[in-house]
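Now for the letters of each chain:
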Amino acid sequence: SQQGEEDPQALSIQEGENATMNCSYKTSINNLQWYRQNSGRGLVHLILIRSNEREKHSGRLRVTLDTSKKSSSLLITASRAADTASYFCATRGVGNTPLVFGKGTRLSVIA
Amino acid sequence: SQTIHQWPATLVQPVGSPLSLECTVEGTSNPNLYWYRQAAGRGLQLLFYSVGIGQISSEVPQNLSASRPQDRQFILSSKKLLLSDSGFYLCAWGESGETQYFGPGTRLLVL
């Protein structure tokens, strides 16, 4: 079953703008991860945030986690055309359980 | 460094034919292994995962089966393919509770 739900389903922005994607989930988590998928390719891990963390940065990426609202956001600053891809959140429950992925947000960055 | 291989990259099979997709991982020992299916423009559906040789957990009742004959080998099979088995199949490996690393995927078209 899919736990994470991304919002919006699709997002189109101009190069240089910021892109924000949101993820909501239903049950308690150990960590939440964001992945990127270029069309027809495998997923690539972007960033992992643990349940006791509130914010994390990696380059142009900023991830926040609000466990009280069971939600996370991914911010990509100063977007580039090469950022065009689908972005998925995935949640990890307690113990050695598999990641559960959302349906993803399709981001288009127009040059 | 670790690498993950999937083959074939693309496969066209008639309805009722058998299927065997192979995934191998290099550079790690006793990884958790996963098979996902992704319908066009959709999220990832976890099909099977394995925490060790011969240990397979099935997430969704279906026409498919999985086996792990060796530590770093994960095979997805079917005795008789259905039209609904078409999709993009992704293998992934990971260590307990952390990041998952995906292969390049196999696109399966059942006609």
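Keep in mind that what you see is a predicted model, and the values were worked out from it rather than measured.

**Digging into the overall build of chain A**
Then, number 1: For chain A, the helix and strand inventory stands at 0 helices and 11 strands.
Then, number 2: In sequence order, chain A lays out its α and β elements as β-β-β-β-β-β-β-β-β-β-β.
Then, number 3: Over its C-alpha atoms chain A spans a radius of gyration of 13 Å, differing by no more than 12% from the 13 Å that the globule rule assigns to 111 residues.
Then, number 4: For chain A, the spread of C-alpha atoms along the principal axes amounts to about 45 × 30 × 20 Å.
Then, number 5: For chain A, the share of sequence-separated contacts (at least 6 apart) that also reach a separation of at least 24 residues comes to 55%.
Then, number 6: Approximately 5300 Å² of chain A is accessible, and the part contributed by carbon and sulfur atoms is 46%.
Then, number 7: A gap of 6 Å separates the mean positions of the 14 positive and 9 negative side-chain charges of chain A.

**Observations regarding the overall build of chain B**
Then, number 1: Within chain B, the secondary structure is distributed over 0 helices and 11 strands.
Then, number 2: Mapped from its N terminus to its C terminus, chain B presents α and β elements in the order β-β-β-β-β-β-β-β-β-β-β.
Then, number 3: Radius of gyration (C-alpha) of chain B: 13 Å, near the 13 Å computed for a compact globule of 111 residues.
Then, number 4: Its C-alpha atoms give chain B principal-axis dimensions of about 40 × 25 × 20 Å.
Then, number 5: A burial count over chain B gives 49% of its 111 residues as buried.
Then, number 6: Within chain B, contacts between residues at least 6 apart in sequence are counted, and of these 54% link residues at least 24 apart.

**Quick notes on a nonpolar patch on the surface**
Then, number 1: Together, V12, L109 and L111 of chain B give the surface a local cluster of nonpolar side chains, amounting to about 280 Å² of exposed area.
Then, number 2: Among the structural elements, V12 of chain B can be located in strand β2 (residues 10-13).

**Some details on the packing of aromatic side chains**
Then, number 1: Scanning the entire structure with this criterion turns up 9 aromatic pairs over all chains.
Then, number 2: Here the aromatic residues Y35 and F101 of chain A together with Y34, Y36, Y49 and F102 of chain B are joined through ring pairs into a cluster of three or more.
Then, number 3: Note that R107 of chain B overlies the ring of F88 of chain B, its terminal NZ or CZ placed 4.5 Å from the centroid.

**Focus on the interface of chain A and chain B**
Then, number 1: Between chain A and chain B, the contact holds 21 residues from the first and 22 residues from the second.
Then, number 2: At the boundary of chain A with chain B, total buried surface from both sides reaches about 1700 Å², with 48% on carbon and sulfur atoms.
Then, number 3: Area buried by chain A at its contact with chain B is led by L43, N96 and P98 of chain A, which between them contribute 30% of it.
Then, number 4: Here chain A is connected to chain B by 1 salt bridge.
Then, number 5: Residues R50 of chain A and E98 of chain B are paired through a salt bridge, measuring 3.1 Å at the closest nitrogen-oxygen approach.
Then, number 6: Counting across the chain A and chain B interface gives 7 residue pairs in polar contact (both at pLDDT 80 or more).
Then, number 7: Only β4 (31-37), β5 (43-50) and β9 (85-92) of chain A provide two or more residues apiece to the side of chain A that touches chain B.
Then, number 8: Broken down by class, the residue content of the side of chain A that touches chain B amounts to 7 nonpolar, 9 polar and 5 charged.

**Comments concerning unusual backbone geometry**
Then, number 1: Residue P8 of chain A is reached from D7 of chain A by a cis peptide bond, and omega for that bond is 0°.
Then, number 2: With respect to the helices and strands, P8 of chain A occurs in the loop between β1 (5-7) and β2 (10-14).
Then, number 3: Residue W7 of chain B is joined to P8 of chain B through a cis peptide bond whose omega torsion reads 0°.
Then, number 4: Here P8 of chain B lies in the loop between β1 (3-7) and β2.
Then, number 5: The residue A78 of chain A is not glycine, and still its phi comes out positive at about 45°.
Then, number 6: For A78 of chain A, a relative accessible area of 40% translates into the label partly exposed.
Then, number 7: Although it is not a glycine, N30 of chain B adopts a positive phi angle of roughly 50°.
Then, number 8: Relative to the helices and strands, N30 of chain B resides in the loop between β3 (19-26) and β4 (32-38).

**Digging into the layout of surface pockets**
Then, number 1: Taken as a whole, the largest pocket holds about 450 Å³ of empty space.
Then, number 2: In terms of lining, the largest pocket is formed by 22 residues, of which the most central are S86 and R106 of chain A together with Q38, G41 and R42 of chain B.
Then, number 3: Taken together, the elements giving at least two residues each to the lining of the largest pocket come down to β9 and β11 (105-110) of chain A together with β9 (87-94) of chain B.
Then, number 4: Of the residues contributing to the lining of the largest pocket, the split by class is 6 nonpolar, 12 polar and 4 charged.

Basis of the calculations
- Each chain has its residues counted from 1, following the order in which its sequence is written.
- To label them, take the chains in the order written and letter them from A, then take the ligands in the order written and number them from 1.
- Totals for whole chains, interfaces and linings use all residues, but because this is a predicted model, local features are given only for residues with pLDDT of at least 70 and pairs of side-chain atoms are given and counted only at 80 or more.
- To get the side-chain values, all heavy atoms of the structure are used, and hydrogens and water are removed first.
- Labels follow the DSSP assignment, with helices taken as runs of H or I lasting at least four residues and strands as runs of E lasting at least two, numbered in each case from the N terminus.
- Values of the radius of gyration come from C-alpha atoms, whereas the globule rule sets the reference at 2.2 Å times the count of residues to the power 0.38.
- We call two residues contacting when some pair of their heavy atoms lies within 4.5 Å.
- Accessible surface area values rest on a Shrake-Rupley calculation with a 1.4 Å probe, where residue burial reflects the displayed protein chains alone.
- Neither His nor the chain termini are counted; the positive set is Lys and Arg, and the negative set is Asp and Glu.
- Where a charge lies is defined by one atom per residue type, namely NZ (Lys), CZ (Arg), CG (Asp) and CD (Glu).
- Only protein chains enter the accessibility calculation, which uses a 1.4 Å probe; a residue is then buried when its area is under 20% of its type maximum, exposed when over 50%, and partly exposed in between.
- Patch members must show over 30% relative accessible area and no salt bridge, and they are joined within 9 Å when carrying like charges or within 5 Å when they are nonpolar side chains of Val, Leu, Ile, Met, Phe, Trp or Tyr.
- Should a side-chain nitrogen of Lys or Arg be within 4 Å of a carboxyl oxygen of Asp or Glu, the pair is scored as a salt bridge.
- Any Phe, Tyr or Trp ring, taking Trp's six-membered ring, that has another such ring centre within 6.5 Å forms a pair; planes under 30 degrees apart are called stacked, those over 60 apart edge-to-face, and the others tilted.
- A ring has a charge above it when a Lys NZ or an Arg CZ is no more than 6 Å from the ring centre and no more than 35 degrees off the ring normal.
- The term buried area denotes the loss of accessible surface (1.4 Å probe radius) that occurs when two parts are joined, taken as the sum for both partners.
- By the criterion applied in these results, polar contacts are pairs of N or O atoms within 3.5 Å in which, for protein atoms, one can donate a hydrogen and the other can accept it, and in which residues neighboring in sequence qualify only through two side-chain atoms.
- Polarity classes work like this: nonpolar for Ala, Val, Leu, Ile, Met, Phe, Trp, Tyr, Cys and Pro, charged for Asp, Glu, Lys and Arg, and polar for all others, with Gly in that last group.
- Lining residues are defined by having an atom within 4 Å of a point belonging to a cavity or pocket. Those points lie on a 1 Å grid over the protein atoms alone, cavities being sets where a 1.4 Å probe fits but cannot get out and pockets being open sets with protein on both sides within 12 Å along at least five of seven lines.
- Grid points are joined across faces, edges and corners, and a volume is the space filled by probe spheres set on the points.

Treat this as a map of the structure, not an account of what it does.
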